[in-house]
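# Examining the three-dimensional arrangement
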Amino acid sequence: MGDTMKIYVSVDMEGVTGLTDPEEMHAGGRGYERGCELMTGDGNAVVAGAFDGGAETVLINDAHGSTKNLRIDLIDPRASLIRGPGKPHRMGQGLAGDFAAAVFAGYHARAGVQHGVLNHTWMGKEIHNVYLNGEICGETRLVAGLAGSLGVPVALVTGDEAVCEEARELLGDVETVAVKKGVDKFSAELLPPSVAQARIREATARALGRLGDFRPYKVSPPYTLGVEWNSTAIAAGCAIVPGTKLVGPRHTEFTTDDYWDIMSLFGIFATIAGRIACGSGVYG
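About the criteria used
Residues numbered from 1 in each chain as written. Predicted model: local features only at pLDDT ≥ 70, side-chain atom pairs only at ≥ 80, totals over all residues. Heavy atoms only, no water. Axes fitted to C-alpha atoms, helices over the stretch in contact; angles between N-to-C directions. Helix = DSSP H or I, 4+ residues; strand = E, 2+ residues; numbered from the N terminus. Left-handed = near helix turned anticlockwise from the far one by under 90°. Contact = heavy atoms within 4.5 Å. Nonpolar A, V, L, I, M, F, W, Y, C, P; charged D, E, K, R; others polar. Pairing = 2+ DSSP bridges. 1 Å grid on protein atoms, 1.4 Å probe; cavity = no way out; pocket = protein on both sides within 12 Å on 5 of 7 lines; lining within 4 Å. Points joined across faces, edges and corners; volume = space filled by probe spheres on them. Core = buried A, V, L, I, M, F, W, Y, C linked by side-chain atoms within 4.5 Å. Buried < 20%, exposed > 50% of the residue type's maximum accessible area, 1.4 Å probe, protein only. Patch = residues over 30% accessible without salt bridge, like charges linked within 9 Å, V, L, I, M, F, W, Y side chains within 5 Å. Areas by Shrake-Rupley, 256 points an atom, 1.4 Å probe, with all protein chains shown as cover. Salt bridge = Lys/Arg side-chain N within 4 Å of Asp/Glu carboxyl O. Lys, Arg positive; Asp, Glu negative; His and termini not counted. Charge placed at Lys NZ, Arg CZ, Asp CG, Glu CD.

### Thoughts on the packing of helix H1 (residues 32-52) against helix H4 (residues 193-208)
Running from N to C, H1 and H4 point in directions that differ by 35 degrees, and their axes come no closer than 7 Å. As for the relative orientation of H1 and H4, their crossing is right-handed in sense. Counted together, Leu38, Gly41, Asp42, Ala45, Val46, Ala48, Gly49, Ala50 and Asp52 of H1 and Pro193, Gln197, Ile200, Arg201, Thr204, Ala205 and Leu208 of H4 form the full contact between these two elements. Taken together, the residues of the contact of H1 with H4 break down into nine nonpolar, four polar and three charged.

### What about the sheet that holds strand S10 (residues 223-229)?
One open sheet accounts for five strands, arranged S6-S5-S10-S12-S11; its pairing is antiparallel. Unpaired on one side and paired on the other, strand S6 (135-136) and strand S11 (244-248) mark the two borders of the sheet. Judged from the five bridges that link them, strand S5 (residues 127-132) and S10 form a sheet pairing that is antiparallel. Opposite Val130, over in S10, you have Val227 as the bridge partner.

### Brief notes about the layout of surface pockets
By volume, the second largest pocket amounts to about 360 Å³. As for the second largest pocket, its lining consists of 18 residues, and the residues nearest its centre are Arg110, Ala162, Glu165, Glu166 and Glu169. Of all elements in the fold, only S6, helix H2 (139-149), helix H3 (161-171) and strand S8 (175-184) reach the threshold of two or more residues within the lining of the second largest pocket. When residues of the lining of the second largest pocket are assigned to their parent elements, the largest contribution, six residues, is made by H3. Along the lines of polarity and charge, the residues of the lining of the second largest pocket split into five nonpolar, five polar and eight charged.

### Focus: the nonpolar core
Ranked by size, the top nonpolar core spans 45 residues in total, and within it Trp122, Leu142, Trp229, Phe266 and Phe269 carry the most contacts. Of all the secondary-structure elements, those providing two or more residues to this core are strand S4 (101-107), S5, H2, strand S7 (154-160), H3, S10, helix H5 (232-238) and helix H6 (259-276). Top element by residues in this core is H6. It accounts for eight residues. Discounting residues that sit within four places of it in the chain, Leu142 has contacts with Trp122, Cys137, Leu225, Tyr259, Ile262, Met263 and Phe266. Ala50, Leu70, Ala101 and Leu118 belong to the second largest nonpolar core, which has 41 residues in total.

### Examining a negative patch on the surface
Judged by side-chain charge, Glu161, Glu165, Glu169 and Glu189 come together as a negatively charged surface patch. Considering every element that reaches the negative patch, the biggest residue donor is H3, with three residues. With respect to the secondary-structure elements, Glu169 resides in helix H3. With relative accessibility at 66%, the residue Glu169 sits in the exposed group.

In structure tokens, the structure reads:
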């Protein structure tokens with residue numbers, strides 16, 4: 001770990017305290033500005049807990065949508081923030097092997113999880129399922145795999161109950177904080193922000209106190225990213241990317257020995273899919 005403890009924080013939005021509505025997830029939507037404040041609140045709770053637990057550097061990555069959601073004017077001044085689109089490594093931008101641990105805040109369950117609030121994988125309705133080396137894969141697994149390829153363990157995942165369950169199945173005895181319990185895709189029983197954020201702060205400090213318990217999540221190379229799209233048109237468009245092949249009418253696969261390629265290629269796929277889908281709404 002060296003002399004300084006560095007903590008990496010990837011913050012998504014669907015699993016943020018208090019949020020259930022697709023409108024809250026994108027600029028111009030009803031409640032979006034408040035959603036950004038709540039998202040920043042969850043991020044700050046991680047930062048506070050990290051410093052309580054002995055961290056000396058905290059890097060936050062805005063990992064949702066436009067990646068221009070977190071309020072830099074409200075961010076804990078001890079942290080720094082990566083913001084804005086065009087980041088080649090997307091949800092994992094800024095990760096490096098010198099971080100003691102990664103934290104995923106505001107994460108959500110993968111596509112198709114029944115009580116997962118705003119459940120999806122990478123895109124709201126264009127993607128039916130994602131597979132990593134043939135096994136079903138949500139965003140938690142995808143980004144944990146990137147961290148693991150660098151030797152960095154995931155110490156804490158926060159979001160709804162469904163993503164906490166997904167994280168424990170995947171990562172074992174990882175710290176989790178459930179800030180809401182899904183009723184259905186767009187409804188949940190919520191904890192108030194003051195309660196949820198106190199729990200996040202405590203869990204972050206607790207996680208840093210037992211870093212020795214966590215192991216990096218390792219996926220064996222080569223890495224094959226399989227995407228089952230909801231549309232033959234999107235699959236055909238993505239298959240134009242060199243190295244990407246159609247393995248079914250709506251199913252593409254890409255194989256690489258470099259995990260960074262998985263993250264950057266997914267960004268390209270999403271751009272292609274978004275154009276082909278003609279901007280027909282964010283969530284299905």
